[in-house]
There are 2 protein chains.
Amino acid sequence: MLDICLLGTAGMMPLPYRYLTSMMARYNGSSLMIDCGEATQIAVKKAGWSFHPIDIICFTHYHADHISGLPGMLLTMGNAERTQPLTLIGPKGLTRVVSALRVIAPELPFEVQCIEIAGTTQTFSLHGYEITAFQVNHNVLCYGYTVEIKRQGRFCVEQAQALSIPKNYWGILQKGEQVQYEGRVYTPDMVMGPQRKGIKVTYCTDTRPTESLIQNADNSDLFICEGMYAEKEKLAKAKQYKHMTFYEAAQAAKEANVQELWLTHFSPSLVHAEEYMPKVRKIFPHAQLGKDGKMVVLNFTEEANV
Amino acid sequence: MLDICLLGTAGMMPLPYRYLTSMMARYNGSSLMIDCGEATQIAVKKAGWSFHPIDIICFTHYHADHISGLPGMLLTMGNAERTQPLTLIGPKGLTRVVSALRVIAPELPFEVQCIEIAGTTQTFSLHGYEITAFQVNHNVLCYGYTVEIKRQGRFCVEQAQALSIPKNYWGILQKGEQVQYEGRVYTPDMVMGPQRKGIKVTYCTDTRPTESLIQNADNSDLFICEGMYAEKEKLAKAKQYKHMTFYEAAQAAKEANVQELWLTHFSPSLVHAEEYMPKVRKIFPHAQLGKDGKMVVLNFTEEANV
């Protein structure tokens, strides 16, 4: 199972009642964060989550509201006695930006590894997460992310028995490794069924609606998407500053055929967001307003023949 | 009158219920801030104060908890449509640190002027504030600050009349400028009494007790001083990390003969600070525990013959 927490929902600047937009995932003892603005470390504490298992931080882009919390986060992770390396993923320029910000966090008890995304889309397999960065359309180079937990096929006992593979090798094959026994080689594909549906979360802020967003968000269990403006008359502003309205996000959710949409990255001027939701749900019924600290546990889908 | 707000009271890292230590002053339409850690901009909003009139930000040193909020603060000040220059004051290295942090705040609608403190003590007169930086004793170069509002002497009407200075020149002399009238030069000292007691606030974090601290805090109306540790047995830790205990701060307040002490910059491990205050007040009775958003209005002392 994959735990997701939307740590904050603000765009542009943090407010006393609204932390900057950031997402955190927990899976199998390893945590992943996307974006880390000013005060995100407070939001982590408020959510009751831990800094210690954060192994990966992904950045959508380098506007301050998405990365200004990094130096403090690194120091707090150091104070939590981290010694394992931390992986940072972000657009071109990551090493330069991180080096500059570390002027106030120069000494850490762990290594910081920077991976700069190459091209318009790139996939990384780290700590059990399959992370795909896909370029979107903002006024600076910006990426959205899908985070997937893949699920392998079912182990076919009948097939293993038919091939006379001893039971003590079954676990090895299930882990995806091959086995040699009495001069024969057994490979996982001999005993494993087709890959089953995993869990998929898509996170996207700071963009106009794009084809890459619809394609990558396709069939997500959860789609966390920016809705900078709720007021319909602010569409022109959304276009000018390369953001999205609530309705555009809902339309993207519909086209990508996602299970659920959480809106986030609200403009500081937006105060009564709930009032706009009935109109949003006319476009996409499973739309929810993001709230600071909103959590969900996503499980693998049970299948009929289990 | 001078308004003071202690925006936060945390040391090391911000917590959900405790912002990082920072002080803000308001005087005559101009605001001054000392230290700007992560989330200080949220604390300003929570206090209901404005970004717009902040003309000066002073930094004690460059540990992240005292400056990590600067990029976000600069952007928020820009969004508040600031166009006037902003003055930053801090230890040697300020220009380098600010330039590095501005990697995520490169474009601002106002000029940022950096003044690096020269030597062990330096005084600056800016926007009606007389600011003195004095070196203290931390594990990196660190300064405390006094912020004073000076008060000139009383205008002596009898003296002005005796010298036959026309009334329309009195205001000019009161402003400290000289006047020429019928071939004679009149200077302010001819009509102004001796300087009267002004208002003095001292702010000091991240140091062991020092002679410079006692000397500079001398006779302050308000002394905001770090008390990293309240537990008496943590004195060794305080010495090791170059911080102060509550009792050392109280002793400094007593020796400096201040009117009132506010303790701040608490260790994240300190949770029941109030319990230690009776012992603190045995050393210095006018000691108070700092609270996030604690404010006071300091007025010029009324004199008996007013």
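The sections below set out a description of the structure shown in this document.

1. A few points about the interface of chain A and chain B
Frequently, the measure chosen for interface size is the accessible area that the parts lose on association. With 29 residues of chain A at the interface, the matching set in chain B holds 29 residues. Counting each side, the surface lost to burial between chain A and chain B is near 2,400 Å², with a carbon and sulfur contribution of 72%. Here chain A is connected to chain B by zero salt bridges. Here chain A and chain B share six residue pairs in polar contact (both at pLDDT 80 or more) between them. Counting only elements with at least two residues in the side of chain A that touches chain B, the list comes to helix 1 (40-47), helix 2 (64-67), helix 3 (70-79) and helix 4 (94-101) of chain A. In terms of residues, the side of chain A that touches chain B owes the most to one element, helix 1 of chain A, which gives five residues. Counted by class, the side of chain A that touches chain B contains 17 nonpolar, eight polar and four charged residues.

2. Thoughts on helix 4 (residues 94-101) of chain B
Residues Leu94(B), Val97(B), Val98(B), Ala100(B) and Leu101(B) constitute the buried set of helix 4 of chain B. The arc that holds every buried residue of helix 4 of chain B, seen down its axis, measures 160°, which confines them to one face. Turning to helix 4 of chain B, the residues buried within the fold contact helix 4 of chain A together with helix 2 (64-67), helix 3 (70-79), strand 5 (86-90) and strand 6 (112-116) of chain B.

3. As for the pattern of salt bridges
Should the charged atoms of two oppositely charged side chains come close, the side chains can pair. Across all of its chains, the model carries 14 salt bridges over all chains by this definition. Across the salt bridge formed by Lys150(B) and Glu130(B), the nearest N and O atoms sit 3.8 Å from each other. Of this pair, Lys150(B) sits in strand 9 (residues 143-151) while Glu130(B) sits in strand 8 (residues 129-135), placing them 20 residues apart in sequence. With a relative accessible area of 38%, Lys150(B) lands in the partly exposed category. Taken together, the salt bridges that share partners define one network made up of Glu130(A), Glu148(A) and Lys150(A).

4. Regarding the relation of the copies chain A and chain B
Superposing chain A onto chain B takes a rotation of 180° plus a shift of 0.0 Å along the axis, which leaves an RMSD of 0.1 Å. Accordingly, the operation relating the two chain copies is best matched by a two-fold axis. The overlap is high: 100% of the interface residues of chain A also sit at the interface in chain B, so the same surface is used on both sides.

5. As for helix 9 (residues 246-256) of chain A
Residue and element names in this part refer to chain A. Burial of helix 9 is extensive: eight of the eleven residues sit out of reach of the surface. When helix 9 is considered as a whole, its buried residues turn out to be Phe 246, Tyr 247, Glu 248, Ala 249, Ala 250, Ala 252, Ala 253 and Ala 256. Against the buried residues of helix 9 lie helix 7 (211-217), strand 13 (222-226), helix 8 (235-241), strand 14 (261-264), helix 10 (277-283) and strand 15 (287-289). Of the residues one or two after helix 9, Asn 257 is the one with positive phi, at around 60°.

6. Let's talk about the packing of helix 1 (residues 40-47) of chain B against helix 3 of chain B
Packed helices, taken two at a time, are described by the angle between their axes plus the distance between the axes. All names here are of chain B. The interhelical angle for the contact between helix 1 and helix 3, taken along N-to-C directions, is 50°, at an axis separation of 8 Å. The angle between helix 1 and helix 3 places the two elements in the oblique class. For the pair formed by helix 1 and helix 3, the contact residues are Thr 40, Gln 41, Val 44 and Lys 45 on the first element and Gly 72, Met 73 and Thr 76 on the second. Class assignment for the residues of the contact of helix 1 with helix 3 results in two nonpolar, four polar and one charged.

Cut-offs applied
Residues numbered from 1 in each chain as written. Chains lettered and ligands numbered in written order. Predicted model: local features only at pLDDT ≥ 70, side-chain atom pairs only at ≥ 80, totals over all residues. Heavy atoms only, no water. Contact = heavy atoms within 4.5 Å. Buried area = accessible area lost by both parts, 1.4 Å probe. Salt bridge = Lys/Arg side-chain N within 4 Å of Asp/Glu carboxyl O. Polar contact = N/O pair within 3.5 Å; in protein donor to acceptor, adjacent residues only side chain to side chain. Helix = DSSP H or I, 4+ residues; strand = E, 2+ residues; numbered from the N terminus. Nonpolar A, V, L, I, M, F, W, Y, C, P; charged D, E, K, R; others polar. Buried < 20%, exposed > 50% of the residue type's maximum accessible area, 1.4 Å probe, protein only. Arc of directions from axis to C-beta. Least-squares fit on C-alpha atoms with pLDDT ≥ 70 in both. Axes fitted to C-alpha atoms, helices over the stretch in contact; angles between N-to-C directions. Parallel < 35°, antiparallel > 145°, perpendicular 65-115°, else oblique.

Nothing here speaks to function; it is geometry throughout.
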